[in-house]
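Here is how the chains run, residue by residue.
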Amino acid sequence: MWEVFKNWIFDVIQFFYNFCGDWGLAIILVTIIFRIIVAPLMHISARSSYQMQKIQPLMQELQAKFSDDPVRLNQEMQKMYADIKFNPLTGCLPILLQMPIFMAMFQTLREMGSHVEGTFSFYGLVPNLVNTPGDALGQGFIAFIPYLILMIIFAGATFLPMIIQQLSNKSNPQQSRQMIITAIIMSLFMLWISWGSPAGVLLFWGASSLIGVAQNQLSMRYFRKKNEREAEAIEVKPIEVNVTRRTQKKRQSKKR
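Residues numbered from 1 in each chain as written. Predicted model: local features only at pLDDT ≥ 70, side-chain atom pairs only at ≥ 80, totals over all residues. Heavy atoms only, no water.

A.B. asks: Go over the pattern of salt bridges with me, naming the residues and quoting the values.
C.D. replies: Oppositely charged side chains are able to pair whenever their charged atoms sit close together. Evaluation of the coordinates by the stated rule reveals 3 salt bridges. The shortest N-O distance in the salt bridge between Glu3 and Lys6 comes to 3.3 Å. You can see Glu3 and its partner Lys6 sitting in helix H1 (residues 2–20), 3 residues apart, about one turn around the helix. Notably, a salt bridge pairs Glu76 with Arg72, separated by 2.9 Å at the nearest N-O pair. Residue Glu76 and its partner Arg72 are located together in helix H5 (residues 70–84), separated by 4 residues, close to a single helical turn. Judged by relative accessible area, Glu76 falls into the buried class, the value being 18%. Connected via shared salt-bridge partners are Glu3, Lys6 and Glu111. (Salt bridge = Lys/Arg side-chain N within 4 Å of Asp/Glu carboxyl O. Helix = DSSP H or I, 4+ residues; strand = E, 2+ residues; numbered from the N terminus. Buried < 20%, exposed > 50% of the residue type's maximum accessible area, 1.4 Å probe, protein only.)

A.B. asks: Which residues make up helix H4 (residues 56–65), and what values go with them?
C.D. replies: Buried residues of H4: Gln56, Met59 and Leu62, and no others. Seen from one end, H4 has its buried residues packed into an arc of 125 degrees, which puts them on one side. Exposed positions of H4 whose direction lies more than 90 degrees from the buried face are Glu61, Ala64 and Lys65. (Arc of directions from axis to C-beta.)

A.B. asks: So what about the nonpolar core? Which residues, and what values?
C.D. replies: Counting 36 residues, the largest nonpolar core has Ile13, Ile27, Met112 and Leu129 as its most contacted members. Among the secondary structure elements, those contributing two or more residues to this core are H1, helix H2 (23–37), helix H6 (93–110), helix H8 (141–167), helix H9 (173–194) and helix H10 (199–233). Sort the elements by how many residues they give to this core and H8 lands first, with 7 residues. With sequence-adjacent residues up to four places away left out, Met112 is seen in contact with Phe10, Ile13, Trp23, Ile27 and Phe120. In terms of nonpolar packing, the next biggest core, distinct from the first, is built from 9 residues, Met59, Met77, Met80 and Tyr81 among them. (Core = buried A, V, L, I, M, F, W, Y, C linked by side-chain atoms within 4.5 Å. Contact = heavy atoms within 4.5 Å.)

A.B. asks: Residues and numbers for the layout of surface pockets, please.
C.D. replies: In this structure, the second largest pocket encloses a volume near 280 Å³. Contributing to the lining of the second largest pocket are Arg47, Tyr50, Gln51, Lys54, Ile55, Ile84, Lys85, Phe86, Phe223, Lys226, Asn227 and Glu230. Contributing elements (two or more residues each) for the lining of the second largest pocket: helix H3 (39–54) and H10. Its residues assigned to classes, the lining of the second largest pocket comprises 5 nonpolar, 2 polar and 5 charged. (1 Å grid on protein atoms, 1.4 Å probe; cavity = no way out; pocket = protein on both sides within 12 Å on 5 of 7 lines; lining within 4 Å. Points joined across faces, edges and corners; volume = space filled by probe spheres on them. Nonpolar A, V, L, I, M, F, W, Y, C, P; charged D, E, K, R; others polar.)

The following block contains the structure:
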């Protein structure tokens, strides 16, 4: 079943290659279509991230208040999530659903050389999409430069959304610095992984990550504007007290 899925992905890439005449452009077109398909999932993930940013001050208050009681802290956190109807797993679910597709694309592009004979280039900018950066360096530094650019895009764009999000987080500067350092370390790790990855894989992942950054920024902008409109719509109105006066009954005159 998995091999059938990978073969189907290669057939789609080959279809676009027959249409545009370039393997690199075919990979980018397939990546764009893939990102359009998963756009609703990415929108859900961005909404979860935005909600998490909004409740950060409340979470910090609870952590400070119940720092000595982890059980009570967990109970209060769950109560807060229930009150605002927020599920932390919502942001992870779209990413998990995408992983099989990413893995299939990764393996298909890695094995591209075994499907069709010839050179898989990207308009001459990247001479061979099957070669790894390590292979390209053996051909000289000039030949290595396009692969180096793909490595930087591959590593940097993967964790760029995390860095952008933490830079905009003003509520907890210390936590933001820790997350940025973690993102930088993970980017260096991705840089190491990219050394042995085919250029076609780097092109796919880099293009997908950059499109994902744009999608995330558009979604976050939408949520911020929506939140501003809702805040403007709330008007403080004077409290109206509806007082119903009781009509006094006429006193009956006493008969003499």
